[in-house]
Amino acid sequence: MSRRWPDTQVPPDDEVMPYSDDETDDELEVSSEEEPDVPPGITPPQVEAKPSEMGWKVKANDRPYHHLPEFEKKVFLCIKKSRYSGNAIKTYKYNVLTFIPLNLYEQFKRVANLYFLALLILQIIPDITTLPWYTTLIPLVVVLAITAIKDLADDLARHRMDKEINNRKSEVLLDGRFQEIKWSNMQVGDVVRMKKNDFIPADILLLSSSNPNSLCYVETAELDGETNLKFKLGRRETDERLQSERQLVDFNALIECEEPNNRLDKFIGTMTWEEERLPLDLDNMLLRGCTIRNTEESHGLVIFAGADTKIMRNSGKTRFKRTKIDELMNYMVYSIFVLLILVAAGLAIGHAFWYAEIGAKAWYLYDGKNQDANHRGFLSFWGYIIVLNTMVPISLYVSVEVIRLGQSKFINWDLQMYYAAKDTPAKARTTTLNEQLGQISYIFSDKTGTLTQNIMAFKKCTIAGRSYGDPTTAEGVVLDRGRPVDWSWNREADRKFEFMDNSLVACVRSGKDKDATEFFKLLSLCHTVMVEHKEGDLVYQAASPDEGALVTAARNFGFVFLSRTQDTITIREMDRETTYEMLALLDFNSDRKRMSIILKFPDGRIRLYCKGADTVIYERLSPQSKYKETTQSDLDVFANATLRTLCLSYKDISTADYEAWSRRHKEAQVSMSDRDAALDIVYEQIESNLMLIGATAIEDKLQDGVPETIAKLAKADIKIWVLTGDKKETAENIGYACSLLTEDMQIHYGEDVNEKLSVRQDNRRNELPTSRRGKKKPVEPFFTQPGKNALVITGGWLNEILYEKKKKRRRLRLRRLGRKAPPAIPTDGEPMDDLEKEMRQIDFVDMACECEAVICCRVTPKQKGNVVSLVKKYKKAVTLSIGDGANDVNMIKTADIGVGISGQEGMQAVMSSDYAFAQFRYLERLLLVHGRWSYIRMCKFLRYFFFKNFAFTLVHFWYSFFNGYSAMVTYEDWFITLYNLCYSSLPVLLVGLLDQDVNDKISLKFPQLYLPGQLGALFNYKNFFLSLFHGIFVSLIIFFIPYGAFLQTMGQDGEAPSDYQSFAVVTASSLIFVVNLQISLETSYWTFVNCFAVLGSIAIYFGIMFDIHSAGIHVIFPAPFTFTGAASNALRQPYLWLTIILTVGVSLLPVICIQFLHKTIWPSIGDKVHRNRKKYEMELQEEERKKPSAFQRGRGSRRSAYAFSHSRGYADLISSGRSIRRPATRRNPQETIREVPQREAENI
């Protein structure tokens, strides 16, 4: 579907990564001025654009300067401090002084804890209390103490991590010499010396380095997950005059630049030094989080430190994450509060009526207090609030924390999530989100370093119409399984390089196939790779992993790139060194999608070599070019195998043609207006009538098990979205490689999506207002045709669709014009109001969620977070984000659960994550095993916990009908205190920690078992009310069967055991048996520990009861222990044992029947799997004996991808000569060739 764009509007560029989210006012000023928002025919007022103010000033080697009053900011009231942050980072919450008050404050923000504190206060009031104060104090103190200890342990870990980073050492210029100090002591304005492989401690302005022209190479893995090197350049003025320590001591420049911000792609500033003003940009900055590589020594000036650095500004706001079960549990506790108040109010009214009708008239009930019925009813209300307080279980929260802690340890100890190659175990960095892992509906994943290894491998090629790469012998016989090529004949070969086709090696070595020779000669010459000679070996540094893979392939086939200077390039062609004169280097960019090099051969010939995307190269081929059809066919095969393809071509140029073109090229290079466009035109003129040589096919290596993991998660109905900064073609190609996209999917791109959403929006605008107020119409699907759909959308289109950029530009324009926003008209392509923008967002989310897969490419870190927020907001689904670099931190923090990939890509994502491991494939086990088990365990624990507390507490309710609603308790005081702490806690805790319906292998075999968690089917309000009614039923049985048994009873000794204390013992004993046997019925996975816990809890109950009912303890503490001899007196009566057995049997029999009926008549998926688990375990054992087949890449329709970097290469650097160390003298070409490899790091 194609949409016509107005003349004034340009569709978004798919190759450009938008940064509208973070743009400042001055950045949008020019673009906004181009779009005047005034009625037609009226001249807009002339508004003078104010220059951006450089509000950040840094003076070199002058610490006191940054503490001047003009640089101070108000912190609190009249307290001020310097606006310049120190370089220490702080992620911990407490210190020695603040731990106790702050932790108590945080704990009492929980409504339940505050409620029990209020209860404790009530119990101190004599007229209200019905229970001793210690029945509430002891559980409250235990809960607060356990939670505080856990919080302290977590914070100590944060302290250790902060200390480790802050105590790193760097060399800083102090007192006239370089001294080693801790990072935490570094300040803005310090001059720093950094060595090779050092971490960059702050955002630093590069002044000079040991490389030529102050060139410095950095690895940005911490920022973006990419391991290829990027270069930074210091100013020529500082490089020439700031090499020695003495010169650096005298350096006193003033830097004026932008305020600290989160823009990783932008820096603007000026340096004033010795009456000169020098411009500064991002190329001059070394950012914190990067690592110095291949640069022996560099010097820099600290501009931003600590919290002001770009990496810290990009870390996003830390959000307090809570699980869905936590939120539901809070609402349920509120429901219990309401129920408690209603019950207490009802019983208080009952007491007021009872006292007025009966109590006041019975002389034997007079208590000496002259209180009327209403006053007594009021006191009874508060009394019942205290008596029934165990309906809100104080131990619930601490039990939940203990279970979560145990589940986190199981994740840490899982050897199947341990990555031996990097010695990296899985790590649960939080203990509060485990059960949420069993409810994930959407996964948002980065690409580079998360799905892929960011390692490119040369897999196949086609040369002169013949395809190579499949396992083949040297004679050309195709094999099913071959051996890798033996590279022992080539002493310069990279031993890690693997290639399966021996026939191509034989062809190249024979020298008979001129096309094959030309093919690899092109690969060794047409590139912007730099080389370093390190310990006798060649080390290539490329602007992209693709280029490195191609040059390495040429090296192994005998065409070794040795060195380059500003105007020459030297290679070894089958043991013969040859130097070519480089006449021009036409670098790659995202518009050209190709690069070329023009070389002068030693024999005087001039030839152009060109490599690029097949679509671009084919347009420029000569009509006389051969092999076009066969190469196209091979390209189809390569691309359908999800390999990244690249076409190679050449052209011979006469001397006269070159000289004429060279003059036009030089004119374009010095053009003052639109230089890039002028150069592109000149490049087009020479890159024509090319002769096709062949094509390469590179594999962007996926991490092990990625396709299988994605397929398994899809069966669990988990949707995976890929959010990446990569180009559209690259991201789409990886989508096919990892089975996220399949051949039967209809792919929709940004323009198509925008059109569909605009149609839906227009229809909504055209609806009559009366029809809107009527019944809500069902949402129509966007894709009505049968089949699977997928969305591939770029960051530019994302802004266009969601009105992000338009809205900001409009707001800024109106702000400058000094007027309010007028109501938008439906034809201006902008939302009429906030409601329409919200509806547009809802439409986009609905459309995306109809698709099987979504890939968002060329998106910014903030856009990643926004996409996650949209799905969370409008789908109310549980989301998980997984990434490996600092550019993923925003989405990791935004999602309900954030997962960091730890490894070579850096630790910034891991530091911000909730869970961390080394490989994407471990996500399958984290969710389908640990997540599902944690969810099932927590749900079972909560259902049972609510049940046992309702069964325990509501006995008081039934008893109140027989004691005049006087708030008298049924049980002994100490039983109430110890019930949740000792008598019923251990079995349910072990179920929450250890229970499993099926083992881990069966969980992975049947991903459908994950579905109940997504639906929240195991714990919701329905389950809560079932637990409530179950508790009511059991409390009825526990109270009324013993009550009936005690009505008319005679013991063996002729005495009636129908006293209150004996009744309390029988009801308490019945309750302990029921709740412990009930958890036995709920347990699916029995161990010795479970058996011991159930039997041990019953034994502990009887042991403690006989102790506190003994005469000895009554003599010592007569007031608290009043049930002297009650237990021994009651439990020696067989009649009462029969009563207990009957009560337990009647309580449990309905549960057993209902469970039997459910599992036989209405079995769930889990029940069916559990019933046949033995058969499935046998099948799994059989499968393990067989060797699993390797994953086969898909076959299908044509897809094109070009293997190039996402930004410009090193061409400008090479052609300018800034990266080259020239020999002091030039003798002759051959001597120069030998000399270059021996000199230190001539390129890097």
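Within each chain, residues carry numbers counting from 1 in the order of the written sequence. In keeping with the predicted nature of the model, local features appear solely for residues at pLDDT of at least 70, side-chain atom pairs appear and are counted solely at 80 or more, and the whole-chain, interface and lining totals rest on all residues. Only hydrogens and water are set aside; all other atoms, that is, all heavy atoms of the structure, feed into the side-chain values.

### Quick look at the overall build of the chain
In step 1: Starting at the N terminus, helices and strands are each numbered in turn, a helix being any DSSP run of H or I of at least four residues and a strand any DSSP run of E of at least two. Looking only at helices and strands, the chain has 43 helices and 35 strands in total.
In step 2: The buried share of the chain, taken over its 1244 residues, is 55%.
In step 3: Residue contacts are defined here by distance: any two heavy atoms, one from each residue, within 4.5 Å place the two residues in contact. Restricting the contact set of the chain to residue pairs at least 6 apart, pairs at least 24 apart contribute 75%.
In step 4: The Shrake-Rupley method, run with a 1.4 Å probe, gives the accessible areas here. Residue values count only the displayed protein chains as cover. Counting only carbon and sulfur atoms, one obtains 56% of the accessible surface of the chain, whose full area is about 55,800 Å². Working definition: with a 1.4 Å probe on protein chains only, accessible area under 20% of the residue-type maximum means buried, over 50% means exposed, and in between means partly exposed.

### Notes on the pattern of salt bridges
Pairs can form between side chains of opposite charge whenever their charged atoms are close.
In step 1: Note on definitions: salt bridges are taken to be side-chain nitrogens of Lys or Arg within 4 Å of carboxyl oxygens of Asp or Glu. In the structure shown here, the tally under the stated rule is 47 salt bridges.
In step 2: A salt bridge links Arg404 to Glu435; its shortest N-O distance comes to 2.4 Å. Linking Arg404 in helix 11 (residues 395-412) with Glu435 in the loop between strand 16 (427-428) and strand 17 (440-445), this pair joins segments that are 31 residues apart in sequence.
In step 3: A residue is classified by how much of its surface remains accessible, and Arg404, at 1% relative accessible area, is buried.
In step 4: Judged by its relative accessible area of 0%, Glu435 falls in the buried class.
In step 5: Note that Asp603 and Arg605 form a salt bridge whose closest N and O atoms lie 2.9 Å from each other.
In step 6: By relative accessible area, Arg605 is classed as partly exposed at 37%.
In step 7: The network of salt bridges with shared partners includes Arg594, Glu619, Arg620, Glu684 and Glu687.

### Topic: the UniProt feature "active site" (unreviewed entry) in the chain
In step 1: According to UniProt, the feature "active site" (unreviewed entry) maps to Asp446 in the numbering used here.
In step 2: With respect to the element layout, Asp446 can be found in the loop between strand 17 and strand 18 (452-463).
In step 3: Every residue in contact with Asp446, bar those within four places of it in the chain, is listed here: Leu451, Leu723, Thr724, Lys864, Ile882, Gly883, Asp884, Asp888 and Met891.
In step 4: Polar contact is defined as a pair of N or O atoms within 3.5 Å, subject to the rule that within protein one atom must be able to donate a hydrogen and the other to accept it, and that residues adjacent in sequence are counted only when both atoms are side-chain atoms. Here the side chain of Asp446 touches Lys864 through a polar contact of 3.4 Å, side chain to side chain. UniProt positions are given in the numbering used here, feature names are shortened, and annotations may be inferred rather than shown by experiment.

### A few points about the sheet that holds strand 16
In step 1: If you trace the nine strands from one edge of the open sheet to the other, you get 16-35-34-33-17-29-32-31-30, paired in mixed fashion. On the outer flanks of this sheet lie strand 16 and strand 30 (745-748), each paired with one strand and no other. A pair of strands is considered paired only if DSSP assigns at least 2 bridges between the two.

### Section: the confidence of the model for the chain
In step 1: Values of pLDDT, which run from 0 to 100, indicate the predictor's confidence residue by residue. The pLDDT averaged across the chain works out to 81; a share of 85% of its residues lies at or above 70.
In step 2: Counted against residues more than four places away or in other chains, residues 1-8, with its pLDDT under 50, gives 15 contacts.
In step 3: A low-confidence stretch, residues 820-828 stays under pLDDT 50, and its non-local contacts, those more than four residues away or across chains, total eleven contacts.

### A closer look at the sheet that holds strand 9 (residues 229-233)
In step 1: Taken in spatial order, the three strands of this open sheet run 9-8-14, and their pairing is antiparallel. Single-partner strands in this sheet number two, and they are strand 9 and strand 14 (291-293). When strand polarity is set aside, the average angle formed by the axes of neighbouring strands in this sheet is 45 degrees.
In step 2: Bridge count for strand 8 (residues 215-219) against strand 9 is five bridges, and the pairing is antiparallel. For Glu219, the partnering residue across the bridge sits in strand 9 and is Leu229. Whenever a helix is involved, its axis is fitted only over the stretch in contact; in every case the axis is a line through C-alpha atoms, and angles between N-to-C directions fall within 0 to 180 degrees.

### Details of the packing of helix 29 (residues 922-960) against helix 34 (residues 1021-1047)
In step 1: With their axes 7 Å apart at the nearest point, helix 29 and helix 34 run at an angle of 40 degrees to one another. Between helix 29 and helix 34, the angle is such that the two are oblique. You can see that helix 29 and helix 34 cross each other, and the crossing is right-handed.
In step 2: Residues are grouped as follows: Ala, Val, Leu, Ile, Met, Phe, Trp, Tyr, Cys and Pro are nonpolar; Asp, Glu, Lys and Arg are charged; every other residue, Gly included, is polar. Among the residues forming the contact of helix 29 with helix 34, the class breakdown is 16 nonpolar, five polar and one charged. For classification purposes, an angle smaller than 35 degrees is called roughly parallel, one larger than 145 roughly antiparallel, one from 65 to 115 roughly perpendicular, and anything else oblique. Handedness of a crossing follows from how the near helix is turned relative to the far one, being left-handed for an anticlockwise turn of less than a right angle and right-handed for a clockwise one.

### Observations concerning the packing of aromatic side chains
In step 1: Two rings belonging to Phe, Tyr or Trp (six-membered ring only in the last case) form a pair when the distance between their centres is within 6.5 Å. Interplanar angles under 30 degrees mark stacking, angles over 60 mark edge-to-face geometry, and anything in between is tilted. The tally for this structure, following the rule as stated, stands at 61 aromatic pairs.
In step 2: Here Phe458 and Phe499 contribute two aromatic rings whose centre-to-centre distance is 5.8 Å and whose plane-to-plane angle is 35 degrees, an arrangement assigned as tilted. Residue Phe458 is found in strand 18, and its partner Phe499 is found in the loop between strand 19 (466-468) and helix 12 (502-510); the two are separated by 41 residues along the sequence. Each member of the pair, Phe458 as well as Phe499, is classed as buried.
In step 3: When the centroid spacing of 6.2 Å and the interplanar angle of 55 degrees are considered together, the rings of Trp958 and Phe1040 count as tilted. You can see Trp958 sitting in helix 29 and its partner Phe1040 sitting in helix 34, a full 82 residues away along the chain.
In step 4: Among the residues examined, Trp958 registers a relative accessible area of 16% and is labelled buried.
In step 5: Accessibility expressed as a relative area gives 33% for Phe1040, which makes it partly exposed.

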